Amino acid sequence: MYYDDDQMLMLSGIQHYRFCPRQWALIHLEQQWADNRLTMEGEVLHKHVDDAAYRQKCGDYICLRSVSIASHELGLYGLSDVIELHPTEDETNSIRHPKYPGWWMPYPVEYKHGRPKKNEVDEVQLAAQAMCLEEQYSISISWGAFFYHEIRHRVEVEITPYLRDIVRQCTRDMHSIFKSGQLPAIAYGRHCGRCSLKDLCMPETANQPTASTYLKHNLYEETT
């Protein structure tokens, strides 16, 4: 599949989608947003990270921030928090930098305000970034990392075929929903308590009868 420029979706949305398809659709279809403590803490953290003018040689590697990335195969575009360029001797799987001689391997790094999660919600976003870089530079990327602010620790992540398959499935579903313009059904669960859009989504209504069902039931009782 190849997506044109006007079909591209925001790469950051894949984390929202993996967390909850309905949350993603509320944000990207209906342009709804609300902050809670978690989103505000994340915004503060990224103010210190997202400086597109930042370029620095840090020992053996180069640190680039807010790098524009995209994939027409996935139909995603966005910004990576940090791309580290690590030196390599593999000229067949590397890139050049106009300011620094030699060959370099891109290494995506995402900053998160919390701690590592028990599922792969974060990892899918990192894998999508790696796949965008691979398409742009015709290379293969095997590793990336998260820096979790709460634990002040870097966690390295392998970009596995399993994560790549999830990315491809998520993007296909995202494009399908976006094209249809229909909100996914409510899937009430424990994750709803952490969602900043809970009051807009109203997941607690998932098991309540629809208006037509309610009226049909009550009208039937009144006439019997």
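Residues numbered from 1 in each chain as written. Predicted model: local features only at pLDDT ≥ 70, side-chain atom pairs only at ≥ 80, totals over all residues. Heavy atoms only, no water.

Chemist: Hey, could you run me through the packing of aromatic side chains in this one?
Modeler: Ring pairs (aromatic) are described by centroid distance and by the angle formed between their planes. If you walk through the whole model with that rule in mind, you get 3 aromatic pairs. Aromatic pair Y17 and W24: ring centres 5.8 Å apart, planes at 80 degrees, arrangement edge-to-face. Comparing Y17 with W24, the two get one shared label, buried. On the basis of an interplanar angle of 35 degrees and a centroid distance of 5.6 Å, the ring pair of F146 and Y148 is categorised as tilted. Y148 carries the same exposure label as F146, and that label is buried. (Phe/Tyr/Trp six-rings, centres within 6.5 Å; stacked < 30°, edge-to-face > 60°. Buried < 20%, exposed > 50% of the residue type's maximum accessible area, 1.4 Å probe, protein only.)

Chemist: Please clarify how helix α4 (residues 121-137) should be interpreted in this entry.
Modeler: Residues separated by three or four positions in an α-helix point in the same direction, a consequence of the helix having 3.6 residues per turn. Look at α4: 25 Å from first C-alpha to last across 17 residues, which is about the 24 Å you get at 1.5 Å a residue. Of the residues trailing α4, S138 is marked for its positive phi of about 55 degrees. (Helix = DSSP H or I, 4+ residues; strand = E, 2+ residues; numbered from the N terminus. Expected span 1.5 Å × (residues − 1).)

Chemist: Explain the side chain of S94 here, please?
Modeler: Among the secondary structure elements, S94 is positioned in the loop between β4 (76-88) and β5 (103-112). Within the structure, the side chain of S94 is placed 2.7 Å from the backbone oxygen of D90, a separation counted as a polar contact. Not counting residues up to four positions away in its chain, the partners in contact with S94 are T88, W103, W104 and I139. (Polar contact = N/O pair within 3.5 Å; in protein donor to acceptor, adjacent residues only side chain to side chain. Contact = heavy atoms within 4.5 Å.)

Chemist: How should I be thinking about the pattern of salt bridges in this particular structure?
Modeler: It is possible for side chains of opposite charge to pair when their charged atoms get near one another. Going through the model one piece at a time under the given rule, you end up with 7 salt bridges. R154 is the partner of E84 in a salt bridge, and the nearest nitrogen-oxygen pair spans 2.7 Å. A residue pair is termed long-range when its members are at least 10 positions apart, and E84 in strand β4 and R154 in strand β7 (residues 153-158) qualify at 70 residues. Look at E84 and you get buried, because its relative accessible area is 4%. (Salt bridge = Lys/Arg side-chain N within 4 Å of Asp/Glu carboxyl O.)

Chemist: What exactly am I supposed to notice about the nonpolar core here?
Modeler: Within the largest apolar cluster, 38 residues are counted, with the highest numbers of intra-cluster contacts made by I14, W24, L76, L85, V167 and M174. Counting residues per element, the ones that place at least two in this core are α1 (13-19), α2 (21-28), β3 (61-71), β4, β5, α4, β6 (143-148) and α5 (161-180). Sequence-distant contacts of I14, defined by excluding residues within four places in its chain, comprise V124, Q125, A128, V167, C170, T171 and M174. (Core = buried A, V, L, I, M, F, W, Y, C linked by side-chain atoms within 4.5 Å.)

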